[in-house]
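So the chains spell out like this:
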Amino acid sequence: MDYCRIDPKDNVAVALKSLHKGSEVCGVRLIEDIPSGHKFALEDIPEGGCAVKYGFPIGHLIKATGAGSLVDHNSLRSSLSDRSEYSYNPCASARPAPDGVTGGRTFRGFIRRNGDVGVRNQIWVIPTVGCVNGIVNELALRFSKEIEDRGGSVDAVVPFPHNYGCSQLGDDHENTRKILADLLHHPNCGGALVVSLGCENNQLEALLDEAGDYDKERIRTMKVQEVDGDELEYGLSLLRQLFSIASTDVRGEVPVSKLKVGLKCGGSDGLSGITANPLLGRFSDWLVAEGGTAVLTEVPEMFGAETILMDRCCNGDIFDKTVRLINGFKDYFTSNGQPVYENPSPGNKAGGISTLEEKSLGCIRKGGSSPVVDVVDYAGLIKTKGLNLLSSPGNDIVSSTALAASGCQIILFTTGRGTPLGSFVPTVKVSSNTPLAERKPSWIDFDAGVLAGCCNIEEVRERFINTVLEIVDGRFSKSELNNSREMAIFKSGVTL
């Protein structure tokens, strides 16, 4: 197959490989070359008329476009507006699946005191403020070398440098403290050393209060201004205490219902919504049916497709939360004097995505067809099994951090253009096209580009499930092998 018409209502189709002028494709003769991932018109579309993809309008044409013509960002514009009024029109898929729909799949994880399960057993070094980033990085480096040949079940020592913790006000200060407090509860953390300077706004005691009921046996703290002598040697002594506990942890077999999986895309192209994102959607539906949890975020990349998610909300309260989520982010844009539709990126456009509606309609396919059971604030923890929506911007590092901090033990990350980015939890890269997987085998864990051919999606889904469970069981993802473990905290206000 050389092209894909996703929905019978579509008046554009997508080239699955580069198509040449004069070719007869989908009943029309191409009047210009169509690059792979890009759209071409299946009929004449007048100026001001809508292009339809995924069965929904993705923008309006700024000039008349003939059948067989390329339809891209040069000819198509977003039709989005600012804050909107919505009504709840629940669809059939808004009803939760029957209880007990499960295949009994399991994985081997680290069972924590509170019943949560980690897919990694790591020692984390967490700064309360950016002023101690150098100390945190050096401690992680030295201790990693010290335990290199005697790690037991500890698979990494991970530092968490960030720029914040001081000179912040209001929500920004609160977000920093909440994200760092979330880390103390994360099941992938076998032990954590919290390093404080001592004079920062994000005081150590306030951070620990925010964390609430954490496993105190596995947390150590250090205020470097109060340490007499070498703070590095003192910090190493605390890490040794944590290691003596965490290194004896062992994996136990648990049901996949214990999994919380983040769904993410970045560097998307015109095939992302056809191959990789629908594959994640199939995985998400499978996981939810098994009693597990899938988490969809990147709120600005829901604009233009939000009503689909709203109609899948399991009840009116969740619908109201989703409306507040969407309009809240639109208000965030307009309050800063920015249009809500300043998206997609140059790389998206080069890959065939022309408008935010088109990007969003492809983006939400990662969430499959399960009902939306909860909406979680930024820096909040996931508490409800099923498909959750998480408040976060679309920025890859910020949204990946938000997913991990919410309790996701692993992130599934689709990409069409390619990115080496990783989070502080295993980040599984899924390519939307096979050429990317072939060019960047050190980045890509799974090639969903095979779905652009004649592959059976159910067979590919089973292979993908097995790949994910292998990584959950302990095989490092490519981002882990590359030691790509970034984090970034959302900031929107004043810096003092």
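See above for the structure.
Since the model is a prediction, treat every value here as computed from it, not as a measurement. (Residues numbered from 1 in each chain as written. Predicted model: local features only at pLDDT ≥ 70, side-chain atom pairs only at ≥ 80, totals over all residues. Heavy atoms only, no water.)

Draft legend 1. Quick look at the overall build of the chain. The helix and strand tally for the chain stands at 13 helices and 23 strands. Rg of the C-alpha trace for the chain: 23 Å, near the compact-globule value of 23 Å for 496 residues, within the 12% margin. Across its three principal directions, the C-alpha atoms of the chain cover 75 × 45 × 45 Å. The proportion of buried residues among the 496 residues of the chain is 58%. The long-range share in the chain, meaning contacts at least 24 apart out of those at least 6 apart in sequence, stands at 72%. Considering the chain, the positive charge centre built from 51 side chains and the negative charge centre built from 63 side chains are found 3 Å apart. (Helix = DSSP H or I, 4+ residues; strand = E, 2+ residues; numbered from the N terminus. Rg over C-alpha atoms; globule rule 2.2 N^0.38 Å. Buried < 20%, exposed > 50% of the residue type's maximum accessible area, 1.4 Å probe, protein only. Contact = heavy atoms within 4.5 Å. Lys, Arg positive; Asp, Glu negative; His and termini not counted. Charge placed at Lys NZ, Arg CZ, Asp CG, Glu CD.)

Draft legend 2. Highlighting a nonpolar patch on the surface. A cluster of nonpolar residues, Leu169, Val494 and Leu496, forms a patch on the protein surface that exposes about 310 Å² of accessible area. Tracing the backbone through its elements, the reader meets valine 494 in the segment after helix H13 (478–481). (Patch = residues over 30% accessible without salt bridge, like charges linked within 9 Å, V, L, I, M, F, W, Y side chains within 5 Å. Areas by Shrake-Rupley, 256 points an atom, 1.4 Å probe, with all protein chains shown as cover. Salt bridge = Lys/Arg side-chain N within 4 Å of Asp/Glu carboxyl O.)

Draft legend 3. Structural detail: the environment of glutamate 253. Tracing the chain through its elements places glutamate 253 in strand S16 (residues 252–255). At a separation of 3.0 Å, a polar atom in the side chain of glutamate 253 contacts the side chain of threonine 106. (Polar contact = N/O pair within 3.5 Å; in protein donor to acceptor, adjacent residues only side chain to side chain.)

Draft legend 4. Spotlight on helix H12 (residues 457–472). Along its 16 residues, H12 runs 22 Å from first to last C-alpha, staying within 8% of the 22 Å computed at 1.5 Å per residue. Those residues of H12 that sit buried are Val460, Arg461, Phe464, Ile465, Thr467, Val468, Leu469, Ile471 and Val472. For H12, the secondary structure elements touched by its buried residues are strand S10 (106–111), helix H5 (276–289), strand S21 (410–415), strand S22 (427–431) and strand S23 (446–447). Taking the backbone nitrogen of glutamate 458 as reference, a side-chain oxygen 2.7 Å away marks asparagine 456 as the first, capping residue of H12. In the segment just after H12, glycine 474 is the residue with positive phi, at about 135°. (Expected span 1.5 Å × (residues − 1).)

Draft legend 5. Representation of the packing of aromatic side chains. In this structure the tally under the stated criterion is 14 aromatic pairs. Look at phenylalanine 283 and phenylalanine 464: their rings are 5.6 Å apart centre to centre, the planes differ by 75°, and that puts the pair in the edge-to-face class. Linking phenylalanine 283 in helix H5 with phenylalanine 464 in helix H12, this pair joins segments that are 181 residues apart in sequence. Overall, phenylalanine 464 belongs to the buried group, its relative accessible area being 0%. Three or more aromatic residues joined by ring pairs make a cluster, and in this case those are Phe303, Phe329, Tyr332, Phe333, Tyr378 and Phe490. The ring of phenylalanine 303 has lysine 330 lying over it, and the distance from NZ or CZ to the ring centre is 5.5 Å. One Lys or Arg, lysine 429, reaches over the ring of phenylalanine 413 and ends 5.2 Å from the middle of that ring. (Phe/Tyr/Trp six-rings, centres within 6.5 Å; stacked < 30°, edge-to-face > 60°. Lys NZ or Arg CZ within 6 Å of the ring centre and 35° of its normal.)

Draft legend 6. Local environment of the packing of H5 against H12. For the pair H5 and H12, the least separation of the axes is 10 Å and the interaxial angle reads 70°. When the axes of H5 and H12 are compared, the pair comes out roughly perpendicular. For the crossing formed where H5 meets H12, the hand is right-handed. Between H5 and H12, the residues in contact are Leu279, Leu280, Arg282, Phe283 and Trp286 and Ile457, Glu458, Val460, Arg461, Phe464, Ile465, Val468 and Leu469, respectively. Looking at the contact of H5 with H12 residue by residue, the classes come out as ten nonpolar, no polar and three charged. (Axes fitted to C-alpha atoms, helices over the stretch in contact; angles between N-to-C directions. Parallel < 35°, antiparallel > 145°, perpendicular 65-115°, else oblique. Left-handed = near helix turned anticlockwise from the far one by under 90°. Nonpolar A, V, L, I, M, F, W, Y, C, P; charged D, E, K, R; others polar.)

Draft legend 7. Helix H4 (residues 231–246), seen in detail. For H4, with 16 residues, the first-to-last C-alpha span of 22 Å sits near the 22 Å given by 1.5 Å per residue. Those residues of H4 lying buried are Leu232, Gly235, Leu236, Leu238, Leu239, Leu242, Phe243, Ile245 and Ala246. Looking at the packing, one finds that the buried side of H4 touches strand S12 (122–127), helix H1 (133–146), strand S14 (189–196) and strand S15 (219–223). Looking at where H4 begins, the residue whose side-chain oxygen comes 2.8 Å from the main-chain nitrogen of leucine 232 is aspartate 230.

Draft legend 8. Highlighting the pairing of S22. Most of S22 sits inside the fold, with five of its five residues counted as buried. Side chains Thr427, Lys429 and Ser431 project from S22 onto one buried face, and the interleaved Val428 and Val430 project onto a second face that is buried too. The sheet contact formed by S22 and S23 spans two bridges and is parallel. Note on S23: the bridge partner recorded for valine 430 is phenylalanine 446. You can see the chain leave S22, run along helix H11 (residues 434–439) and come back into S23, and the turn it takes is right-handed. (Pairing = 2+ DSSP bridges. Right-handed = clockwise from strand over helix to strand, strands pointing away.)

Draft legend 9. Looking closely at the sheet that holds S16. On the basis of which strands lie adjacent, the open sheet formed by three strands has the order S11-S10-S16 and antiparallel pairing. Of all the strands in the sheet, the pair left with one neighbour each is strand S11 (117–118) and S16.

Draft legend 10. Representation of the pairing of strand S18 (residues 293–296). Residue alternation in S18 divides its side chains into two sets, Thr293 and Val295 and Ala294 and Leu296, and both sets are buried. In this sheet, S18 lies alongside strand S17 (residues 260–265) in parallel orientation, the contact comprising four bridges. Directly across from lysine 260, in S18, lies its bridge partner threonine 293. Pairing of S18 with strand S20 (residues 386–390), which is carried by four bridges, proceeds in the parallel orientation. Bridge pairing links threonine 293 to glycine 386 in S20.

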